[in-house]
Amino acid sequence: MQKVRLGSSNLEVSALCFGTDLIGSKIDRQTSFRLLDLFREAGGTFIDTGNFYASWLPGCKGGESETTIGLWMKERGNRQEMVISTKLGFDYPGCPGGLSAAEIERECEKSLRRLGTDRLDLYQAHRDDPETPLDETMEAFDRLIRAGKVRAIGASNLRAWHIAEANTVANANGWARYSVVEQRHTYLRPRHGADFGPQICINDDVRSYCRSRNIALIGYSTLLQGAYTRPDRAVPLQYAGPDSDARLAVLKGVAEEAGATLNQAVIAWMLQSDPPVLPIIAGSQPAQVSENLAALNVRLSGEQMRRLDTAGDPEIKQAWLR
Ligand SMILES: NC(=O)c1ccc[n+]([C@@H]2O[C@H](COP(=O)([O-])OP(=O)(O)OC[C@H]3O[C@@H](n4cnc5c(N)ncnc54)[C@H](OP(=O)(O)O)[C@@H]3O)[C@@H](O)[C@H]2O)c1
């Protein structure tokens, strides 16, 4: 699998990232190992997890995903080949959440232990923490980097202005800055005012900020839980409407021309977008993961990308772009 440099960080990762929130919980250990093997055999090295995955499931208390990844890396002896991204910020049993210095130090140690490693390749703020001063958070992250426990830091679910402010504070103090941004992103566009709770979508502001500062963009919820292809999964209400109808029609046409499934066309579109958005792919069954991995073989032409990009745009914008 092709490798890419993550923004201005020194991390080189596979072109696709594997999402693991349900690994070792809803997905049993044996299947989890099989899915991770599949990703690794395809050349995948980049894995996304989080300290509190999957504490929201009955019988889970958080840490299940990290622990399972740790066991898999130990059994396969492949820690050195993998690039592990984990996050903190949400509360879960034994952890109040937030981005205070104490919390960052404590949760880092817990994640290191569960993953069975001595460093986190990418450590991300999973959400905003308005209660903690930005300089406290950024200094705490920087301390972890200086101690060799973390290689790079990222921001997930923070608004563009907030990421910019945090990086300004970091720059002014000579601390490490966020070199990665991970937000919700798929081909369909959320309706104006759509509410995803703490999740923040990629928008024009974050795109333009990240491009100008060489910050890598990572997208999650890429396939809307399978809604592009599965009759049992409705397109979430936050996306429903004429814009999505227009975009789905164009997506279907382009996927057919490219000999790709709709899921693969979405992943290929993200990879080829400008700026590119590195897709997190996930699945609970090997066939799903294989289908998603095969999106790497889909090459969309410039004309197909333009059609996909502009689908649903009001005529006036299309005229402006010409
Ligand atoms: N930073 C953040 O705040 C944040 C938030 C959410 C997620 N994430 C990351 O992103 C990862 C994925 O999140 P997500 O679950 O929301 O992603 P998603 O791409 O929207 O959904 C993945 C689910 O879609 C179904 N699916 C996947 N491939 C399919 C295929 N080819 N055909 C049919 N169905 C398919 C599977 O559902 P079933 O298993 O039910 O069959 C799979 O579990 C998480 O594991 C996590 O690592 C990060």
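As the structure is a prediction and not an experimental result, all values here were calculated from the model.

Enquirer: Help me understand the overall build of the protein chain, please; the structure alone is not making it clear to me.
Expert: When helices and strands are counted, the protein chain shows 11 helices and 10 strands. Scaling as 2.2 N^0.38, a compact globule of 322 residues should have a C-alpha radius of gyration of about 20 Å, and the protein chain matches this with 19 Å. Dimensions of the protein chain along its principal axes, counting C-alpha atoms only, are 50 × 45 × 35 Å. Split into buried and exposed, the 322 residues of the protein chain put 47% on the buried side. Contacts spanning at least 24 positions in sequence make up 77% of the contacts within the protein chain whose residues lie at least 6 apart.

Enquirer: Any chance you could explain the site of the ligand here in plain terms?
Expert: Near the ligand you find 26 residues, and of these Gly 19, Asp 21, Leu 223, Gly 226 and Ser 284 are the closest. Tallied by class, residues from the shell around the ligand come to 5 nonpolar, 16 polar and 5 charged.

Enquirer: What exactly am I supposed to notice about helix 8 (residues 262–272) here?
Expert: Within an α-helix, residues lying three or four positions from one another point in the same direction, as the helix has 3.6 residues per turn. Most of helix 8 is tucked away: 9 of the 11 residues are buried. Listed as buried for helix 8 are Asn 263, Gln 264, Ala 265, Val 266, Ile 267, Ala 268, Trp 269, Met 270 and Leu 271. Contact partners of the buried residues in helix 8: strand 9 (216–220), helix 7 (242–258), strand 10 (277–281), helix 9 (286–293) and helix 10 (302–310).

Enquirer: Could you clarify how one ought to interpret the packing of helix 2 (residues 64–76) against helix 3 (residues 101–115) in this entry?
Expert: It is at 7 Å that the axes of helix 2 and helix 3 come closest, and there the two elements cross at 40°. Of the possible angle classes, the one that applies to helix 2 and helix 3 is oblique. Side by side, helix 2 and helix 3 meet where Glu 66, Thr 67, Ile 69 and Gly 70 of the first sit next to Ser 111, Arg 114 and Leu 115 of the second. Looking at the contact of helix 2 with helix 3, its residues break down into 2 nonpolar, 3 polar and 2 charged.

Enquirer: Teacher, can you tell me more about the environment of Pro 198 here?
Expert: Of note, Pro 198 is situated in the loop between strand 8 (178–184) and helix 6 (204–212). With 108 residues separating them in the primary sequence, Pro 198 and Phe 90 have C-alpha atoms 9.8 Å apart.

Enquirer: So what exactly am I meant to see when it comes to the pairing of strand 9 here?
Expert: For a regular strand, the rule is simple: side chains alternate between the two faces of the sheet. Burial within strand 9 is extensive, with 5 of its 5 residues counted as buried. Burial along strand 9 is two-sided: the residues Ala 216, Ile 218 and Tyr 220 and Leu 217 and Gly 219 are all buried. Bridge count between strand 8 and strand 9: 5 bridges; the pairing is parallel. Opposite Val 180, over in strand 9, you have Ala 216 as the bridge partner. Handedness of the crossover is the feature at issue here: the chain leaves strand 8, passes through helix 6, returns alongside strand 9, and the resulting connection is right-handed.

Enquirer: When you look at the pairing of strand 10 in this model, what are you seeing that I'm missing?
Expert: The buried fraction of strand 10 amounts to 5 of the 5 residues, a majority that puts the element mostly inside the structure. By the bridge criterion, 2 bridges tie strand 3 (residues 17–19) to strand 10 in an arrangement that is parallel. Its bridge partner lying in strand 10, Cys 17 is registered against Ile 280. Here strand 9 pairs with strand 10 via 3 bridges, running parallel. Looking at the pairing, Gly 219 lines up with Pro 279 of strand 10.

Enquirer: Got a minute to help me understand the nonpolar core in this structure?
Expert: Looking at soluble globular proteins, one finds that nonpolar side chains tend to be buried together. Cys 17, Val 180 and Val 181 are the most contacted members of the largest nonpolar core, which has 88 residues in total. The element that contributes the greatest number of residues to this core is helix 8, accounting for 7 residues. Residue contacts for Val 180: discarding those within four places in its chain leaves Leu 6, Gly 7, Ser 9, Leu 122, Gln 124, Ala 152, Gly 154, Ile 215, Ala 216 and Ile 218.

Definitions and limits used
Each chain carries its own residue numbering, running from 1 in the written order of its sequence. Selection of residues for local features in this predicted model requires a pLDDT of at least 70, selection of side-chain atom pairs for listing and counting requires 80 or more, and totals for whole chains, interfaces and linings are taken over all residues. Numbering of helices and strands runs from the N terminus, with a helix taken as a DSSP run of H or I at least four residues long and a strand as a DSSP run of E at least two residues long. With C-alpha atoms as the basis for the radius of gyration, the globule rule is written as 2.2 Å multiplied by the number of residues raised to the power 0.38. With C-beta atoms placed from the backbone, a residue is labelled by how many other C-beta atoms lie within 10 Å of its own: buried for 20 or more, exposed for 12 or fewer, partly exposed between the two. Residue pairs qualify as contacts under a 7 Å threshold applied to their C-beta atoms, which are placed from the backbone. Each residue receives a C-beta atom built from its backbone; the residue is near a molecule or strand if that atom lies within 6 Å of it. Amino acids are sorted into nonpolar (Ala, Val, Leu, Ile, Met, Phe, Trp, Tyr, Cys and Pro), charged (Asp, Glu, Lys and Arg) and polar (every other residue, Gly among them). Axes here refer to lines fitted to C-alpha atoms; in helices the fit is confined to the stretch in contact. Angles between the N-to-C directions go from 0 to 180 degrees. Our angle categories are set so that under 35 degrees counts as roughly parallel, over 145 as roughly antiparallel, 65 to 115 as roughly perpendicular, and the remainder as oblique. Strand pairing follows a simple DSSP-based rule, namely that at least 2 bridges must link the two strands. We call a crossover right-handed when, viewed with both strands directed away from the observer, the connection leading from the first strand over the helix to the second proceeds clockwise. What we call a nonpolar core is a set of buried Ala, Val, Leu, Ile, Met, Phe, Trp, Tyr and Cys residues whose membership is set by joining through C-beta atoms within 7 Å.

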